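Results of the structural survey
Chain residues, written in single-letter form:
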Amino acid sequence: MAKTKKSDDNLMEKLVSLCKRRGFIFQSSEIYGGLNSFYDYGPLGVELKNNIKRLWWQEMVQRRDDVVGLDAAILMHSKTWEASGHLKSFTDPLVDCKKCKRRFRADHILVPTSAKPDLGTMKEKPKKMPTCPECGGELTAARQFNLMFKTFMGPVEDEGATVYLRPETAQGIFVNFKNVKDSMRLKLPFGIAQIGKSFRNEITPGNFIFRTREFEQMELEYFCEPKEAKKYYEYWLKNRFDWYVKALGIKKENLRRRSHTKDELAHYAAACSDVEYNFPFSDWSELEGIANRQDFDLKQHSKFSGQELDYTDEAGKKFIPYVIEPSAGVDRTLLTVLVDAYTEIEGGRTTTTESTKDLEVVMRFDKKVAPIKIAVLPLAKKENLTKAAKEIYDQLRQNWSCDYDAVSSIGRRYRRQDEIGTPYCVTIDFDSLEDKAVTVRDRDTMKQERIKIGEMGDYFAEKLK
Ligand code: GAP
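Residues numbered from 1 in each chain as written. Predicted model: local features only at pLDDT ≥ 70, side-chain atom pairs only at ≥ 80, totals over all residues. Heavy atoms only, no water.

1. Considerations on helix α12 (residues 410–419)
Convention followed: Whether a residue is buried, partly exposed or exposed follows from its accessible area with a 1.4 Å probe, protein chains only, as a fraction of its type maximum: under 20%, in between, or over 50%, in that order. Only runs of H or I of at least four residues qualify as helices and only runs of E of at least two qualify as strands under DSSP, and these elements are numbered from the N terminus.
Across the 10 residues of α12, seven count as buried, placing the element largely inside the fold. Looking only at α12, the buried set comprises G411, R413, Y414, R415, Q417, D418 and E419. In the stretch just after α12, G421 is the one whose phi turns positive, near 80°.

2. What to know about the pairing of strand β10 (residues 214–224)
Both faces of the sheet carry side chains from a regular strand, because those side chains alternate between them. As a reminder of what qualifies: The pairing criterion for strands is at least two bridges between them, as found by DSSP.
Counting buried residues in β10 gives 10 out of 11 residues, a clear majority hidden from the surface. Direction of pairing for strand β9 (residues 190–199) relative to β10: antiparallel, over a ladder of 10 bridges. Directly across from F190, in β10, lies its bridge partner F223. One ladder, built from six bridges, connects β10 with strand β16 (residues 322–329); its direction is antiparallel. Directly across from C224, in β16, lies its bridge partner Y322.

3. Quick look at the site of the ligand
The line we're drawing: Residues are classed as near a molecule or strand on a simple rule: at least one heavy atom within 4 Å of it. Whenever two N or O atoms come within 3.5 Å, that pair is a polar contact, provided that in protein one can donate a hydrogen and the other can accept it, and provided that, for residues adjacent in sequence, both atoms are side-chain atoms. Each accessible area value is a Shrake-Rupley result obtained with a 1.4 Å probe; residue values ignore everything except the protein chains displayed when judging cover. We call Asp, Glu, Lys and Arg charged. Ala, Val, Leu, Ile, Met, Phe, Trp, Tyr, Cys and Pro are nonpolar, and the rest, Gly among them, are polar.
Not every one of the 20 residues close to the ligand is listed here, only the nearest: E168, R200, E202, E219 and E286. Here an oxygen atom of the ligand and a backbone polar atom of L287 are 2.9 Å apart. When the ligand is considered free in solution it has 550 Å² of accessible area, and contact with the protein chains removes 93% of it. Broken down by secondary-structure element, the contributors of at least two residues to the shell around the ligand are β10, β13 (284–294) and β16. Among the elements that take part in the shell around the ligand, β13 stands out by supplying five residues, more than any other. Counted by class, the shell around the ligand contains five nonpolar, five polar and 10 charged residues.

4. Points about the environment of D394
Within the secondary structure, D394 sits in helix α11 (residues 383–396). The spacing of D394 and V376 is 18 residues in sequence and 9.8 Å in space, taken between C-alpha atoms.

5. Points about helix α10 (residues 330–341)
To keep it simple, the criterion reads: Helix span is expected to be 1.5 Å times the residue number reduced by one.
Here α10 contains 12 residues, and its C-alpha end-to-end distance of 16 Å stays within 8% of the 16 Å for a straight helix at 1.5 Å per residue. For α10, a buried count of 12 out of 12 residues is recorded, marking the element as mostly surrounded by other parts of the structure. When α10 is considered as a whole, its buried residues turn out to be V330, D331, R332, T333, L334, L335, T336, V337, L338, V339, D340 and A341.

6. A word on the packing of α11 against helix α14 (residues 456–463)
When two helices pack together, you describe them by how their axes are tilted relative to each other and by the distance separating the axes. Which entries qualify depends on this criterion: A fitted line through C-alpha atoms represents every axis, and for helices the fit uses only the stretch in contact; the resulting angles, taken between N-to-C directions, go from 0 to 180 degrees. Angles are sorted into four bins: roughly parallel if under 35 degrees, roughly antiparallel if over 145, roughly perpendicular if 65 to 115, and oblique for all others. Two helices that cross are described as forming a left-handed crossing if the nearer one is turned anticlockwise from the farther one by less than a right angle, and a right-handed crossing if clockwise. Contact definition: two residues touch when any of their heavy atoms are within 4.5 Å.
In the contact formed by α11 and α14, the axes pass within 11 Å of each other and the chain directions differ by 50°. Considered as vectors, α11 and α14 are oriented oblique to each other. The interaxial crossing formed by α11 with α14 has right-handed handedness. Between α11, through I392, Q395 and L396, and α14, the contact on the second element is made entirely by M456, G457 and F460. Its residues placed into classes, the contact of α11 with α14 shows four nonpolar, two polar and no charged.

7. Here's the deal with the pattern of salt bridges
Formally: One side-chain nitrogen of Lys or Arg within 4 Å of one carboxyl oxygen of Asp or Glu is enough to make a salt bridge.
Under the defined criterion, the tally for this structure stands at 44 salt bridges. K14 serves as the salt-bridge partner of E344, at 2.7 Å between the closest nitrogen and oxygen. Linking E344 in strand β17 (residues 342–346) with K14 in helix α1 (residues 11–21), this pair joins segments that are 330 residues apart in sequence. Across the pair D366 and K368 runs a salt bridge whose closest N-O atoms are separated by 3.2 Å. The partly exposed category is assigned to D366, whose relative accessible area is 23%. With relative accessibility at 34%, the residue K368 sits in the partly exposed group. Overlapping salt bridges bring together R256, R258, E264, D274 and E276 as one network.

8. Some words on the packing of aromatic side chains
Put simply, the test is: The rule is short: rings of Phe, Tyr and Trp, with Trp giving its six-membered ring, pair when the centres are within 6.5 Å, and they are stacked under 30 degrees, edge-to-face over 60, tilted in between. For a Lys NZ or an Arg CZ to count as sitting over a ring, it must be within 6 Å of the ring centre and within 35 degrees of the ring normal.
Per the counting criterion, the structure on display carries 21 aromatic pairs. Ring geometry for F174 and F223: centres 6.2 Å apart, planes at 80°, overall edge-to-face. Here F174 is found in helix α6 (residues 170–174), whereas its partner F223 is found in strand β10, with 49 residues between them in sequence. Note on accessibility: F174 and F223 belong to one class, buried. Taken together, the ring pairs connect F174, F177, F190 and F223 into an aromatic cluster. Cation over ring: R293 sits above Y268, and NZ or CZ is 3.6 Å from the ring centre. Over the face of the ring belonging to Y414 we find R441, whose NZ or CZ atom lies 4.3 Å from the ring centre.

9. Regarding the sheet that holds strand β23 (residues 448–452)
Hydrogen bonds between backbone groups are what pair the strands of a sheet, and the pairing can be parallel or antiparallel. Taken in spatial order, the five strands of this open sheet run β20-β19-β21-β22-β23, and their pairing is mixed. Each edge of the sheet is formed by a strand with only one pairing partner; in this case those strands are β20 (402–404) and β23. Taking the axes of each pair of neighbouring strands and ignoring which way they run, one obtains an average angle of 25° across the sheet. Seen against the sheet, α11 touches β19 (374–378), β20, β21 (424–428) and β22 (437–442) and runs at an angle of roughly 165° to β19. Here α14 sits on the sheet in contact with β19, β21, β22 and β23, set at roughly 135° to β23.

Quick look at the structure:
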């Protein structure tokens, strides 16, 4: 029986290995033994990541009249985090093993009751303490651990110089609410969108790039009249779910929406739902959260800064807008794209003996996200062929990210392109020199078409539009 992604225990291992072998993702500082839970994106990984971010920006900013962009600094005034509640409440419950000294998130090992064992609320010691999952040793009682990374600004390392690496990009938007509203003369409802790095000193990071200590977020704060908050909450819930299917080509059956229960809600939220993906290493897990943050943040920043952060409507009425926040993780989305695209073909698809393998891997990326769109492959390493192929490569890469590969057999080169998810391969053979045409091979159907070199631009513009 064919293995499904859920039943393949080694799927994550295979994916991590492919990511390293093919230049998608590397362990950070690997030559020094690696830095736990930090990752570097290689040449293909950065293309994939940029495509995801570009598709999000197109959908959320470029194609909308009511949303503008922002790129705020990572380090912010420390009062930001007092006002937002992060200094007090952005904590997870931590337990130590008295024997092996390992640390665990209490809600991960004590009470895995909800489908989303996140942002723990486990404050009390349960009646029967479990033992250390690693060595069976006795565990301490849970204590709250703040997830924000601290550093110092300037030469003096004292309390007054403490600054925090932002744990969410959202606060950069809230503190700029007035600047953006006034400079762009915005009228409600309107949104401010941002993509940027966030940092959380997670107690138990893991599952590759699913939960890391440095990651990127794509966040929108959509401000509206309080009475319209419910309507826009529903609107964004649908919009964001659909984006994963339409823009990224994620299979609908692997996605679902889930509303938070009251005890799961963050301190600022009146309602929250997650878009979840059916990851191989867990049951459904959060990909993106859509929250009704009400007027919590603007009110808090107004109180702590002494600035007016309200909005005056056409009738002259002043009020603090409510905000709906769709907040997605770039890295988690990228992991979803990888998992969803990964396809194994037992026995292989190739008939040529040289490249026949027991198992072939094809990354069936949606064309819009594929890191390389077209590979240009001269059939043989003969000068007249490579010269013609290079000319075609130079022409195509003016518009699309392309790869040029003249090394090893054509079968092997097709396999490699399948493994990195390149939708089209263009092969230049000896006939090409005569008939001025090339063979275009489709990654998924393996169908080959003969296309005139002069018509390739229009052909790919249509195929990759
Ligand atoms: N501003 C709201 C906020 O930050 P969140 O649910 O804590 O909400 C939003 O985070 C998204 O950021 C998550 O859905 C996830 O995709 C991503 N994310 C959060 N923590 C992460 C981590 N440690 N590693 C990778 N991605 C993370």
